[in-house]
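Residues per chain are reported as follows:
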Amino acid sequence: MPTVARWWENRTAPQRIELYTRWSFYIWLAMAPLLALGIAGSAAQRVQPATTVFVLASVAVAATAVLLARAGLAAHGEGRGLPRRPALAAAAAAVAAAAAAVLAFTPDAPDTPALPWGVAMPPAMALVAASTVWPTRTLTRAGSGIGGATGIVVLAIGAPLGVGAVLAIVVGATSTFLTLAFRFSVWVLDVVREMERSRGAQLQLAVAEERLRFARDLHDVMGRNLSAIAVKSQLAAELVRRGRDGAAEELADISRVAEESLREVRDVVRGYRRTDLAGELAGARSVLRAAGVGCTVSGEDGGAALPEPVQAALGWVVREAVTNVLRHSRATECTVELRTAGGEAELTVTNDGVAGSGSGWGSGLTGLAERLAVAGGRLSTRRERDRFVLTASLPVGVPA
């Protein structure tokens, strides 16, 4: 049982919805023989050989409908139409079962509703399987058609017009409602898939925005200095060619600008790679909200008073924790709390929607724990129901 629970928890939300939708189809369609037995049992009079054929044909309806639903879900995911061969097989089995119902339950027709439901059940099952691909309008027309065909059969055996009309309406409405309910499950699956794709696109946009920021900073730093180096190089070359004084000063100025450029580039890279706690908290809030995860940060003001080495270490904690939230959970809420007491700073990151058991550490958390241990700190994780809690503690007096 724990293995089954872990197997379920390790799946993403779209995978869970897809499994639920798929097995809803399969289980319901596989019930066709049971429904056929119930219909046959409700008949006061019946033709026994035809009843046996009806039950056996309902088994064929269940098998072909399950295959059609399976192929239809695959085709729907790929944007294709309803597969032709499984659809024809399901339709043939449904027609055979409905014909057997007419032969089996016609003597029973005036007394019990075995005939109309025996006629309507097989095509309704096939229509449920077709709802994986067919749109709502087509399903509504087909459900009404099943009701109309049932009414015609009832009228053909001599039932009053009013009875035939009522049965046509009831059977048509039931068939339509049933198929639209399953169609709604497919629509929910589409919505969840689209939301997952949108979340991935948001993450990519956040990464692209950060890359653009870095590129913009690098361009602002290097563009002016490289232009100055190019102009001064041309000027020095021209002075040397004409034998005039001043070339040495220009070359010295080029060297100065180059050294300044190198220093500024290092500053940009250091600022990009530096794990500043305030910057990491702001970045975490921005990235999580861009990914659709609510983020709450408390105790942020107290971080400014911490020594720079402590801020750097806790900044690494925030970066790794947020990365794990985005990669390994289906979180909707994330809370970051910073506390300082007793000469120790403690950072806690909590998120919901944890996947898996949450007991194992990957290379990221292992490396983070080693980094904190060097500075005298410690890292711990625990799971509280569907919440994952990461806590990092570090002495305030950490040496640089």
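The structure contained in this document is the topic of the report that follows. (Residues numbered from 1 in each chain as written. Predicted model: local features only at pLDDT ≥ 70, side-chain atom pairs only at ≥ 80, totals over all residues. Heavy atoms only, no water.)

### A few points about the overall build of the protein
Move 1: Helix and strand counts for the protein stand at twelve helices and five strands.
Move 2: Sorting the 400 residues of the protein into buried and exposed places 38% on the buried side.
Move 3: Taking the intrachain contacts of the protein between residues at least 6 apart in sequence as the baseline, contacts between residues at least 24 apart amount to 71%. (Helix = DSSP H or I, 4+ residues; strand = E, 2+ residues; numbered from the N terminus. Buried < 20%, exposed > 50% of the residue type's maximum accessible area, 1.4 Å probe, protein only. Contact = heavy atoms within 4.5 Å.)

### So, the environment of C334
Move 1: Looking at the element boundaries, C334 is found in strand β2 (residues 333-341).
Move 2: Here the alpha-carbon distance between C334 and L288, two residues 46 residues apart in the chain, equals 8.1 Å.
Move 3: Not counting chain neighbours up to four residues away, the residues in contact with C334 comprise L288, V293, G294, C295, T296, V325, V349, T350 and N351.

### Notes on the packing of aromatic side chains
Move 1: Under the counting rule described, the total for this entry stands at five aromatic pairs.
Move 2: Judged by centre distance (4.9 Å) and plane angle (55°), the ring pair of F25 and F182 falls under tilted. With F25 in helix α2 (residues 13-30) and F182 in helix α8 (residues 161-242), the pair connects residues that are 157 residues apart, well separated along the chain. Like F25, the residue F182 is buried in the burial classification.
Move 3: A centroid spacing of 6.4 Å and a plane angle of 35° characterise the contact between W28 and F182, whose relative ring orientation is tilted. Of this pair, W28 sits in helix α2 while F182 sits in helix α8, and the two are 154 residues apart along the sequence.
Move 4: Note on W28: relative accessible area 24%, which makes it partly exposed.
Move 5: For F182, a relative accessible area of 11% translates into the label buried. (Phe/Tyr/Trp six-rings, centres within 6.5 Å; stacked < 30°, edge-to-face > 60°.)

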